[in-house]
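An overview of the molecular structure
The chain contents come next:
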Amino acid sequence: MSDSNTTDFTNPSTFILLGIPGLEATHIWISIPFCAMYAIAVLGNFTILFIVKREPSLHRPMFYFLCMLAVTDLVLSTSTVPKMLSIFWFNSREINFSVCLTQMYFVHSFSGMESGILVAMALDRYVAICHPLRHSTILTNSVVAKIGLAVVLRSGTLALPYPFLARRWPYCRTNIIPESYCRHISVVNLACADIHISSYYGLFDLFSVIGMDVFFISVSYTQILRAIFRLPTKDARLKTFGTCISHLCAISALYIPDLFSSLMYRFGHNVPWHFLVLSGSVYQLVPPVLHPIIYGVRTKEIRGRLVQHLTHKKN
């Protein structure tokens, strides 16, 4: 006999996103920095794409990778932030089950692409600084395209198990997700089944991708730093070193919050839930905001073309 008090969510049609649990009264205030950061991310990344497209002199590997990063940041932030803002502003909490799984896939897939593109950019910097005379012959347009395709295929493939595993679990408890977006671990925690395989795969994906990418980035920048200290003049060393430090800050802004958030969700049982949700939501915006500033505004070629374009429009 079935229990009349149990609702069958084996194949739920919708989930309910709560936003930031415990901070519902301040949702409207929380939305202000989220909206501002999203606007900066969209404007900054579209500006990079516009300038690189308009300037043939920027059609080089470094800027191709920068455009890939800009597209990735736009998709990653747009896959989550508009829904967050609709929750904060209009209390629009329902999300279709299939849309939730699609959002889950996009978040994991494009986060992996972001990491892979940073590895490609580190490789480009290594070749440019350590082998400048061979840069154009090593990183040809064909090689850049193959690297981009490899990054997309790796990330897209590794992200596929997340929605497939989430879809196969029976949901017989509730369809309420105490989150602002469909985070994988929060969705599968609603299942009334043994979800260890989902949790273990999430940890495997996290450490394999981050571990591999951080290793390659570390090797690249170790070689770069060795080359920097061999430069003949102090000014050249300081200039190149400053550029590397800003790039390493952007890399840290991607990996450290991601690792912290993922581990705290699984093992931080004493951490307030609203803090975990808020930090996880902010993480979706920090890299897309920082990347146009660090890789765009601080890059002489893009900054010069932007100033030139703005002054030309005024005249």
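Owing to the predicted nature of the structure, the values given are computational and were not obtained by experimental measurement.

**What about the overall build of the protein?**
- For the protein, the helix and strand inventory stands at 13 helices and three strands.
- Its C-alpha atoms give the protein a radius of gyration of 22 Å, within 12% of the compact-globule value 20 Å for 315 residues.
- Dimensions along the principal axes, computed over C-alpha positions, put the protein at roughly 80 × 45 × 35 Å.
- A burial count over the protein gives 46% of its 315 residues as buried.
- Accessible area of the protein: about 16000 Å², with a carbon and sulfur share of 67%.

**Details of the state of the cysteines**
- What the rule picks out here adds up to two disulfides.
- Note that Cys-100 is cross-linked by a disulfide to Cys-182, the S-S spacing being 2.0 Å. Its torsion about the S-S bond being -125°, the disulfide of Cys-100 and Cys-182 is classed as left-handed. Placement of the pair is Cys-100 in helix α4 (residues 97–130) and Cys-182 in the loop between β3 (176–177) and α8 (184–188), with a sequence separation of 82 residues. As far as the burial class goes, Cys-100 and Cys-182 line up, both buried.
- The disulfide partner of Cys-172 is Cys-192, and the S-S distance across this bridge is 1.9 Å. Here Cys-172, found in the loop between α7 (161–168) and β3, pairs with Cys-192, found in the loop between α8 and α9 (196–228); they are 20 residues apart in sequence, far enough to count as distant.
- Cysteine pairing for the protein (bonded cysteines numbered in sequence order): 1-3, 2-4.

**Points about the pattern of salt bridges**
- Evaluated as defined, the whole model comprises two salt bridges.
- Between Asp-124 and Arg-125 there is a salt bridge, with the nearest N and O atoms lying 3.0 Å from each other. By the burial criterion, Asp-124 is buried, and Arg-125 matches it.
- Between Arg-154 and Asp-213 there is a salt bridge; the shortest N-O distance is 2.9 Å. One end of the pair, Arg-154, is in helix α6 (residues 141–159); the other, Asp-213, is in helix α9, and 59 residues separate them in sequence.
- Judged by relative accessible area, Arg-154 falls into the partly exposed class, the value being 21%.

**A word on the confidence of the model for the protein**
- Mean pLDDT for the protein: 87, with 95% of residues reaching 70 or above.
- Per-element confidence in the protein is highest for α6, whose mean pLDDT is 96, and lowest for helix α13 (residues 300–314), whose mean pLDDT is 75.
- Note on residues 1–8: pLDDT is under 50 here. Beyond four places in sequence and across chains, it has three contacts.

**Considering the sheet that holds strand β1 (residues 14–17)**
- In space, the three strands of this open sheet follow the order β2-β1-β3, with mixed pairing throughout. Looking at the sheet topology across the chains shown, the edges are occupied by β2 (94–96) and β3.
- Note that β1 and β3 share two bridges and pair parallel. Across the sheet, residue Leu-17 finds its bridge partner in β3, namely Ile-177.

**Quick notes on a positive patch on the surface**
- Taken together, the side chains of Lys-239, Arg-298, Lys-300 and Arg-303 make up a positively charged region of the molecular surface.
- Tracing the sequence through the fold places Arg-298 in the loop between α12 (286–297) and α13.

**Description of helix α2 (residues 61–78)**
- Its 18 residues place the ends of α2 26 Å apart at the C-alpha level, agreeing with the 26 Å of an ideal helix rising 1.5 Å per residue.
- Most of α2 is tucked away: 13 of the 18 residues are buried.

**What to know about the packing of aromatic side chains**
- Applying the stated rule across the entire model yields ten aromatic pairs.
- Both rings, one in Phe-215 and one in Phe-216, keep their centres 5.5 Å apart while their planes meet at 65°; by these two values the pair is edge-to-face.
- Within the aromatic cluster, the residues linked to one another by ring pairs are Phe-15, Phe-97 and Tyr-171.

**So, the environment of Leu-118**
- Within the secondary structure, Leu-118 is located in helix α4.
- Residue classification places Leu-118 among the buried residues on the basis of a relative accessible area of 1%.
- Once you skip the residues sitting within four places of it in the chain, Leu-118 turns out to touch Leu-69, Ile-217, Ile-251, Leu-254 and Tyr-295.

**What about the side chain of Ser-281?**
- Within the secondary structure layout, Ser-281 lies in helix α11 (residues 273–283).
- Beyond its immediate sequence surroundings of up to four residues, Ser-281 is in contact with Ile-20, Phe-34, Met-84, Ser-180 and Tyr-181.

**What about unusual backbone geometry?**
- Positive phi, close to 55°, is recorded for Asn-91, a residue that is not glycine.
- Locating Asn-91 in the fold gives a position in the loop between α3 (81–90) and β2.

**Remarks on α7**
- Turning to α7, its buried residues number three or more, namely Tyr-162, Pro-163, Leu-165 and Ala-166. Each buried residue of α7 lies within a common arc of 165° when the element is viewed along its axis, so the set occupies one face. For α7, the exposed residues lying more than 90 degrees away from the buried face are Phe-164 and Arg-168.
- As for α7, its buried residues are in contact with α4, α6, α8 and α9.

Rules used throughout
- Residues numbered from 1 in each chain as written.
- Predicted model: local features only at pLDDT ≥ 70, side-chain atom pairs only at ≥ 80, totals over all residues.
- Heavy atoms only, no water.
- Helix = DSSP H or I, 4+ residues; strand = E, 2+ residues; numbered from the N terminus.
- Rg over C-alpha atoms; globule rule 2.2 N^0.38 Å.
- Buried < 20%, exposed > 50% of the residue type's maximum accessible area, 1.4 Å probe, protein only.
- Areas by Shrake-Rupley, 256 points an atom, 1.4 Å probe, with all protein chains shown as cover.
- Disulfide = S-S within 2.5 Å.
- Salt bridge = Lys/Arg side-chain N within 4 Å of Asp/Glu carboxyl O.
- pLDDT = per-residue confidence, 0-100.
- Contact = heavy atoms within 4.5 Å.
- Pairing = 2+ DSSP bridges.
- Patch = residues over 30% accessible without salt bridge, like charges linked within 9 Å, V, L, I, M, F, W, Y side chains within 5 Å.
- Lys, Arg positive; Asp, Glu negative; His and termini not counted.
- Charge placed at Lys NZ, Arg CZ, Asp CG, Glu CD.
- Expected span 1.5 Å × (residues − 1).
- Phe/Tyr/Trp six-rings, centres within 6.5 Å; stacked < 30°, edge-to-face > 60°.
- Arc of directions from axis to C-beta.

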